[in-house]
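# Notes for the structure review
Chain by chain, the residues:
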Amino acid sequence: MTIPTWKPLAEAKKQSILDAIPSKWRIQEPIPAPTELRDVTGAYIQQYLTPREIEITELDAYDIAVKTATGEWTAVEVTEAFCHRAAIAHQLVLCLHEVFFDAAIEDAKRLDAYFAEHKKPLGPLHGVPVSLKDQFHVKGVDTTMGYVGWIGRFRGLENDPRHQVFESELVRELRAMGAVLYCKTSVPTTLMCGETVNNIIDYTMNPKNRLLSCGGSSGGEGALIALKGSPGGFGTDIGGSVRIPAVFNGLYGIRPSSGRIPYEGAANSMDGQNTILSVIGPLAGTARSLQFLFKAVLSQQPWLHDPLVHEIPWRSEIEQETRALVEQSAKDPSKLAFAIMKHDGIILPHPPIARAIEVVEQTLKRLGHRVIEWTPPSHQTACELASAAYNFDGGADVKYHFDISGEQPAPQVIVESGLPQKTALEIAQVNVAKREYQKAYMDYWNSTAEVTGTGRPVDAVICPAAAHAAVIPTQYRHVGYTSFLNVLDYASVVVPVTHADKSVDIAKPREFLGELDEQTYKDYDADVYDGAPAGVQLFGRRLQEEKMLVLAEYVSAALSR
């Protein structure tokens, strides 16, 4: 059998990631197979770390910033601890594309020198390690986005006349705030996939249940943060690619409306497709860390450096208004009103997700809040609009990038190549249909003011972020639970709720909404899913990030009481 010419390149790249990990951090003994050991979080990964490394890496981004900003902890010590834990994480689940620990340590040394001289932090993220999805260009580091044909292509962009930006705008801003960048995380080729699979690192597994996927396309971010190899990082989302890894890994993640966080200078698929814009959002282990990272980026006035960013700084007045609303609701629960959408009319969620929705609904009702049923305009329309936008070019972009090396796409990729390209008139028709759908959804949202009892429409809507708790490989059949929000351009935050439990989450016979619903029902295996994180997403209207972040924090706290 002839070996494809791209395969040695892919294997060499995969080995180079391992080779970049110091030998003292290599796991020497064989790692048990996923069938023997599903969960490698918590005590399992801690066995490879010192007590001091555990102390450092178990803190969230917010608390780490408190320690490093006051000089209690050095940037070097914190960076070394997270580099070590990230190295172990990669060996357990294959979550990294790029490792640049040595450069990170040097950056941390410079931050410590700055603090010693000026007696103050460089910025709000001083000494905080931040991981990045492999779309962001970092000087001297590859950006492959999972494509074998991209290996070596973007390294040293400052010397390449084809590329004027050698670091993405977000990277520049993170450095300006004192963040320490140390790794880039795995993605599926094309980015258009709810799992993380490519021909370089193969498959990134879910750390909580390695029989399942970590999600996609920011899957490496989700897996790394779940293993606490990063206190927080940044992914992108065009159809759910921040929220899916967040919910699959038991994390918090935000899909902001377009124009809040700078995308300038980042690699992407189908660049120039503007009907549904990809957006950048952070993922983190706590709600407050999510808000902390989001707020920090806005402090850099990204609208001065990215022409597509709105001049909207962090709106403290909206944050305070929402917090006041939350405080008032402690005495008068009717001050807050929520809606629940248990399914999208296309497929019903698996039992663990249905239970997560029920837990949130009962928690809100127990607190006395008004909870209404969400019956919006057809989500099937949103799915059709999203699919049309993703396929405007007939798959020409992804085909071009696969053809560079001759590699073949994984079967999970949702963009097909060889389809007819849409004409300008056809694209315009989709844009009109999208606008009309957005207007219909807006009108429906406004109409809920008649039933909330607060005198205003619902404050937020809770719904599944996916039909399943993580997913069995190759069985992600429906991204409609996330992509409808990309069509609407609404702000959405993922909140962890519970874990799948095979003794509780038992599938019962029922009628089906259609063929896709029936297939998804048959995919459910209570034993395989056992232990996987199960969460929800909480969404608001366009550009309501401040409000949604505060409400997500409130709902999360309520769930833990």
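Residues numbered from 1 in each chain as written. Predicted model: local features only at pLDDT ≥ 70, side-chain atom pairs only at ≥ 80, totals over all residues. Heavy atoms only, no water.

Our focus in this paragraph is the packing of aromatic side chains. Within the structure shown, the criterion is met by 20 aromatic pairs. With 5.8 Å between their ring centres and 85 degrees between their planes, Trp445 and Tyr490 make a pair best called edge-to-face. Taken as a pair, Trp445 in helix α15 (residues 424–447) and Tyr490 in the loop between α17 (480–488) and β14 (492–499) lie far apart in primary sequence, 45 residues in all. (Phe/Tyr/Trp six-rings, centres within 6.5 Å; stacked < 30°, edge-to-face > 60°. Helix = DSSP H or I, 4+ residues; strand = E, 2+ residues; numbered from the N terminus.)

Here we come to unusual backbone geometry. Ser217 follows Gly216 through a cis peptide bond whose omega is 5 degrees. With respect to the secondary-structure elements, Ser217 resides in the loop between β7 (209–213) and α8 (219–226). Unlike most non-glycine residues, Met145 shows phi in positive territory, near 50 degrees. Tracing the chain through its elements places Met145 in the loop between β2 (129–133) and α7 (169–176). Classification of Met145 as buried rests on a relative accessible area of 0%. (Buried < 20%, exposed > 50% of the residue type's maximum accessible area, 1.4 Å probe, protein only.)

Along strand β9 (residues 252–255), one buried face is formed by Tyr252 and Ile254 and the opposite face, lined by Gly253 and Arg255, is buried too. Two elements, β9 and strand β10 (residues 279–284), share 2 bridges in a ladder whose sense is antiparallel. Within β10, the position partnered with Gly253 by the bridge is Leu283. The sheet contact formed by β9 and β14 spans 3 bridges and is antiparallel. Counterpart to Gly253 in the pairing with β14 is Val494. (Pairing = 2+ DSSP bridges.)

Reading across the sheet, the 11 strands line up as β1-β3-β2-β8-β10-β9-β14-β15-β13-β11-β12 and stay open at both edges, with mixed pairing between neighbours. With one partner strand each, in any of the chains shown, β1 (96–99) and β12 (370–373) form the two edges of the open sheet. Going from strand to strand, the sheet's axes swing by 25 degrees on average, the running direction of each strand aside. With 3 bridges joining them, β1 and strand β3 (residues 180–185) adopt antiparallel strand pairing. Bridging across to β3, Leu96 finds its partner in Thr185. Relative to strand β15 (residues 533–539), helix α12 (residues 351–366) is tilted by about 55 degrees, and along the sheet it contacts β11 (337–340), β12, β13 (460–463), β14 and β15. Across the sheet, α17 lies against β8 (232–237), β9, β13, β14 and β15, angled at about 20 degrees from β15, the strand it touches most. (Axes fitted to C-alpha atoms, helices over the stretch in contact; angles between N-to-C directions. Contact = heavy atoms within 4.5 Å.)

What follows covers the layout of surface pockets. Estimates place the volume of the second largest pocket at around 500 Å³. Around the second largest pocket sit 24 residues that line it, and Ser387, Ile414, Arg477, His478 and Val479 are the ones nearest its centre. Taken together, the elements giving at least two residues each to the lining of the second largest pocket come down to α13 (379–390) and α17. Ranked by the residues each element gives to the lining of the second largest pocket, the list is headed by α13, at 6 residues. Taken together, the residues of the lining of the second largest pocket break down into 11 nonpolar, 9 polar and 4 charged. (1 Å grid on protein atoms, 1.4 Å probe; cavity = no way out; pocket = protein on both sides within 12 Å on 5 of 7 lines; lining within 4 Å. Points joined across faces, edges and corners; volume = space filled by probe spheres on them. Nonpolar A, V, L, I, M, F, W, Y, C, P; charged D, E, K, R; others polar.)

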